[in-house]
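# Structure at a glance
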Amino acid sequence: MDKVILTGDRPTGRLHIGHYVGSLRSRVELQNKGDYDKFYIMIADVQALTDNWDNPEKVRQNIIEVALDYLSVGIDPSKVTIFIQSGVKGLYQLTCFYMDVVTLARLERNPTIKSELKMRNFGESIPVGFLTYPISQAADITGFDATVIPVGDDQLPMIEQTREIVRSINNIYGDTLYEPKAVLPENEACRRLPGTDGDAKMSKSLGNCIYLADDEETIKKKVMSMYTDPNHIRIEDPGKVEGNTVFTYLDAFVKEDSFEKYLPEFKNLDELKAKYQQGGLGDVKIKKFLFEVLNEELAPVREKRKYYEEHIDEVIAILKKGTEEASAHCDQVVDRLRRNMKINYFDNDDIASNYR
Ligand code: TRP
């Protein structure tokens, strides 16, 4: 069995540093380790339309933004197939067949769907496409025989539901699909990076994101106005580290040599935290340090983005080639399933054999 890695993002906005530490950074590491046979990254425009059906232009524009984000963080198109979901027509067939083995009640029990429904206030008007997107996501994963799915923890219910679908299909039609596994970031702080305002979620609608495409000045401004410990008023006051966004970001971004480079009076993060808790360490100082650490990581990302923005036809060509490659793979899975379902009536499955 080949080892296939697959993951994806909805093109509804530029990607931010929450996406970066939660997923993008480990994709680049996985890519560079090279321990896989195929590695797919999907721009999930069909899924994005399930709650943006009335704003297709937003989805259209963000396909290119997300592609630029991928390439600028160092996803290498010679090692990873980047593709656009809607261009892989086999996915619609898989989705359609999988719908037969999933109940409405099971969809309504999906915790991610549950909380998203609450957030979106659909009331009695839940779009069928939205409610069923976990089924389409099961197609996204199985359509390429993917078994390793690097995602954030909000996606665990999707992977679980995919596994159930795989088992149902294999039970009915014989071994056809592979059961995927989610891979989460090891570093706790990376699993869900809070917004710059301390809100649990970094999101565009809350205006609390640092984007990969932000310039240096913007990043500095956002970092300097970040939420810390509201009771840490004077430098001498003891401060809290838990729930302090600056420290959560440092947990996610500090590297072995960060202190030596930008704050040599401390040896490591534990020492810095201890000093803050004890009192005598100002917010401005830790914010300046965080800015340096962040900027070191994001400066090369900005550079790469600039290159691809100036060579946008290269980006289009990468997406086109990736989508063709992905389609070819998905067609094979569709053929395999159709054969096992015995609905390939005009090939060797003779539907009229009873009469011969
Ligand atoms: N649901 C994912 C998100 O909201 C995007 C996605 C679509 C995905 N298809 C996928 C992720 C398949 C992993 C595998 O971010």
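Since we're looking at a predicted model, the values are computed, not measured.

Rules used in this analysis
Residues numbered from 1 in each chain as written. Predicted model: local features only at pLDDT ≥ 70, side-chain atom pairs only at ≥ 80, totals over all residues. Heavy atoms only, no water. Core = buried A, V, L, I, M, F, W, Y, C linked by side-chain atoms within 4.5 Å. Buried < 20%, exposed > 50% of the residue type's maximum accessible area, 1.4 Å probe, protein only. Helix = DSSP H or I, 4+ residues; strand = E, 2+ residues; numbered from the N terminus. Domains from an automatic or database assignment. Contact = heavy atoms within 4.5 Å. Buried area = accessible area lost by both parts, 1.4 Å probe. Salt bridge = Lys/Arg side-chain N within 4 Å of Asp/Glu carboxyl O. Axes fitted to C-alpha atoms, helices over the stretch in contact; angles between N-to-C directions. Parallel < 35°, antiparallel > 145°, perpendicular 65-115°, else oblique. Left-handed = near helix turned anticlockwise from the far one by under 90°. Nonpolar A, V, L, I, M, F, W, Y, C, P; charged D, E, K, R; others polar. Near = heavy atom within 4 Å. Polar contact = N/O pair within 3.5 Å; in protein donor to acceptor, adjacent residues only side chain to side chain. Areas by Shrake-Rupley, 256 points an atom, 1.4 Å probe, with all protein chains shown as cover.

This next bit is on the nonpolar core. With 61 residues, the main nonpolar core has Ile17 and Leu272 as its most contacted residues. Ranked by residue count, the leading element in this core is helix 15 (residues 283-310), at nine residues. Domain assignment of the residues forming this core places at least three in each of domain 1 (4-192 + 312-355) and domain 2 (216-307). Aside from chain neighbours lying at most four places away, what touches Leu272 is Phe247, Leu250, Phe259, Leu263, Phe266, Leu281, Ile286 and Phe289. The next biggest cluster of nonpolar side chains, apart from the first, holds 40 residues, and it includes Leu107, Phe130, Ile149 and Leu337.

Attention now goes to the domain arrangement of the chain. Per the domain assignment, the segments of the chain are domain 1 (4-192 + 312-355) and domain 2 (216-307). Here domain 1 and domain 2 have C-alpha centroids that lie 36 Å from each other. The partner domain 2 presents 13 residues to the 16 residues of domain 1 that form the contact. Counting the surface lost from both domain 1 and domain 2, the interface buries some 1100 Å², and carbon and sulfur atoms represent 57% of this. Inspection of the region where domain 1 meets domain 2 yields three salt bridges. The closest approach of N and O atoms between Asp69 and Arg305, which form a salt bridge, is 2.9 Å.

Excluding glycine, residues mostly have negative phi values, and the peptide bonds linking residues are mostly trans. In the Ramachandran plot, Asp145 falls in the positive-phi region, its phi being about 55 degrees despite a non-glycine side chain. With respect to the helices, strands and loops of the structure, Asp145 is situated in the loop between helix 8 (133-142) and strand 4 (148-150). The phi torsion at Lys342 lies on the positive side, around 55 degrees, for a residue other than glycine. Note that Lys342 resides in the segment after helix 16 (312-341).

Take the packing of helix 4 (residues 90-98) against helix 8 next. Where helix 4 meets helix 8, the closest approach of the two axes is 8 Å, and the angle between their N-to-C directions is 125 degrees. Classified by the angle between their axes, helix 4 and helix 8 sit oblique to one another. Every pair of crossing elements has a handedness; the one defined by helix 4 and helix 8 is right-handed. From helix 4, Leu91, Leu94, Thr95 and Tyr98 reach across to helix 8, where they touch Ile135, Ser136, Ala138, Ala139, Asp140 and Thr142. Among the residues forming the contact of helix 4 with helix 8, the class breakdown is six nonpolar, three polar and one charged.

Right, let's talk about the site of the ligand for a bit. What surrounds the ligand is a group of 13 residues, the closest being Arg10, Gln47, Gln137, Asp140 and Gln155. At a separation of 3.2 Å, an oxygen atom of the ligand approaches a polar side-chain atom of Arg10. Gln137 has a polar side-chain atom sitting 2.9 Å from a nitrogen atom of the ligand. For the ligand, whose unbound accessible area comes to 360 Å², protein coverage reaches 90%. Elements represented by at least two residues in the shell around the ligand include exactly strand 1 (4-9) and helix 8. Class assignment of the residues belonging to the shell around the ligand gives a composition of six nonpolar, five polar and two charged.

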